[in-house]
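These are the residues of each chain, in order.
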Amino acid sequence: MWKKLFLVCLCVNPAIFGRELLPPFPDKLSVEPQIPSTFVMGPNPDLYAGVIWGEERAIERLLETHKVDDIFFFVRLSGDIIQQGPTTFSEEGTLLHRLGLMGCSKVEISKDFWDKHPILIATYLNPAGRAEYRAWIGLNSCVGGWVFSVTFQYPESQQAPNNEQLAIWTNFLNSSSIKS
C-alpha cells in the first residue's frame, strides 16, 4: 500500500505555479510563496543541502565571493523539526528554550498557516546580536513529516535588515492566499 502512495506522490509537479523554484520533490505547496518575481532558483538545487531563491546576480556574487551582500532565501528540508500533525511540529514547545541555550536573545516564536500548511516562525538575535529570521513550513507530506526550513538572508554588513528588505520576509510569511 505505501508503495502506491509513494508513487502517486512522486507524480506531483515540482514547479511552484509556473516558476521552477524547487527541484523534484514528492510534495508541493497549495500556496504560492510571495517572493519577488525577479527571484530564481540557484544552481545545483538539492533540498537536502539547500536551495537558494534570490536575484540571479546576487546568487552569482554569493557563489563568487562567499559573502552575503544581498537578500535571498535559503530553503532546505528541515533536519531538526518535523511536522507531527496537521497543525503541529516537533520541537515547537522547546524551540524557545533551545534557542536560548544557544545564546540567542529576544526570541519570538509564532505560528501561522498558509492554507493547510502550518508555519512555525522564529525571530531572534544570534549570540553576536545579529537579527535572524527562520520559518518551518509543514508540507502535510504524503510520505512523512517533511518540513521546509526557510532562512531569510540579508547583507552580512548589517545587524538587521532595513524596512524594504524586511518587507520581503514579511510578504513571504503572508503567503496565505490559496492559489490553484
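Structural notes, computed from the coordinates. This structure is a prediction, so every number in the text was calculated from the model and none was measured.

Quick notes on the rules
- Residues numbered from 1 in each chain as written.
- Predicted model: local features only at pLDDT ≥ 70, side-chain atom pairs only at ≥ 80, totals over all residues.
- Heavy atoms only, no water.
- Buried < 20%, exposed > 50% of the residue type's maximum accessible area, 1.4 Å probe, protein only.
- Helix = DSSP H or I, 4+ residues; strand = E, 2+ residues; numbered from the N terminus.
- Arc of directions from axis to C-beta.
- Contact = heavy atoms within 4.5 Å.
- Polar contact = N/O pair within 3.5 Å; in protein donor to acceptor, adjacent residues only side chain to side chain.
- Pairing = 2+ DSSP bridges.
- Axes fitted to C-alpha atoms, helices over the stretch in contact; angles between N-to-C directions.
- Phe/Tyr/Trp six-rings, centres within 6.5 Å; stacked < 30°, edge-to-face > 60°.
- Lys NZ or Arg CZ within 6 Å of the ring centre and 35° of its normal.
- Salt bridge = Lys/Arg side-chain N within 4 Å of Asp/Glu carboxyl O.

### Things to note about helix 4 (residues 163–173)
- Turning to helix 4, its buried residues number three or more, namely Gln165, Ile168, Trp169, Phe172 and Leu173. Mapping the buried residues of helix 4 onto a view down its axis gives an arc of 140°, with all of them on the same face. When the buried face of helix 4 is taken as reference, the exposed residues oriented beyond 90 degrees from it are Asn163 and Glu164.
- Elements in contact with the buried residues of helix 4: strand 2 (51–55), strand 3 (72–77), strand 4 (105–114), strand 5 (117–125), strand 6 (131–138) and strand 7 (147–153).
- Residue Asn162 occupies the N-cap position of helix 4, its side-chain oxygen lying 3.1 Å from the main-chain nitrogen of Glu164.

### With respect to the pairing of strand 5
- Counting buried positions over the 9 residues of strand 5 gives 7, a clear majority of the element.
- Two strands pair when backbone bridges link them, and strand 4 and strand 5 are joined in this way by 8 bridges, in the antiparallel orientation. Bridge assignment links Asp112 to a residue of strand 5, and that residue is Ile119.
- In the sheet, strand 5 pairs with strand 6 via 7 bridges, with the strands oriented antiparallel. In the sheet register, Tyr124 faces strand 6, and the bridge partner there is Glu132.
- With antiparallel pairing between neighbouring strands as the criterion, strand 5 and strand 6 make up a hairpin whose turn holds 5 residues, including Gly129 at a positive phi of roughly 90°.

### Describing the sheet that holds strand 5
- Across the sheet, 7 strands lie side by side as 1-2-3-7-6-5-4; this open sheet has antiparallel pairing. The two strands at the open ends of the sheet, each matched to only one other strand, are strand 1 (39–41) and strand 4. Strand-to-strand twist of the sheet, defined as the mean angle between neighbouring strand axes without regard to direction, takes the value 20°.
- Sheet analysis places strand 3 next to strand 7, joined by 6 bridges and oriented antiparallel. Directly across from Phe74, in strand 7, lies its bridge partner Thr151.
- Across the sheet, helix 2 (residues 56–65) lies against strand 1, strand 2 and strand 3, angled at about 125° from strand 2, the strand it touches most.

### Let's talk about the packing of aromatic side chains
- Enumeration over the complete set of coordinates arrives at 13 aromatic pairs.
- Grouped by ring-pair contacts, the aromatic residues Phe39, Trp53, Phe73, Trp114, Tyr133, Phe152, Tyr154, Trp169 and Phe172 constitute a single cluster.
- The residue whose ring lies beneath Arg130 is Tyr154, and the NZ or CZ to ring-centre distance is 3.9 Å.

### Looking at the pattern of salt bridges
- Under the definition given, this model contains 8 salt bridges.
- Notably, a salt bridge pairs Arg57 with Glu60, separated by 3.3 Å at the nearest N-O pair. Here the residue Arg57 and the residue Glu60 both occupy positions in helix 2, the gap between them amounting to 3 residues, near one helical turn.
- The closest approach of N and O atoms between Asp69 and Arg61, which form a salt bridge, is 3.4 Å.
- Residue classification places Asp69 among the partly exposed positions, given a relative accessible area of 39%.
- The partly exposed category is assigned to Arg61, whose relative accessible area is 22%.

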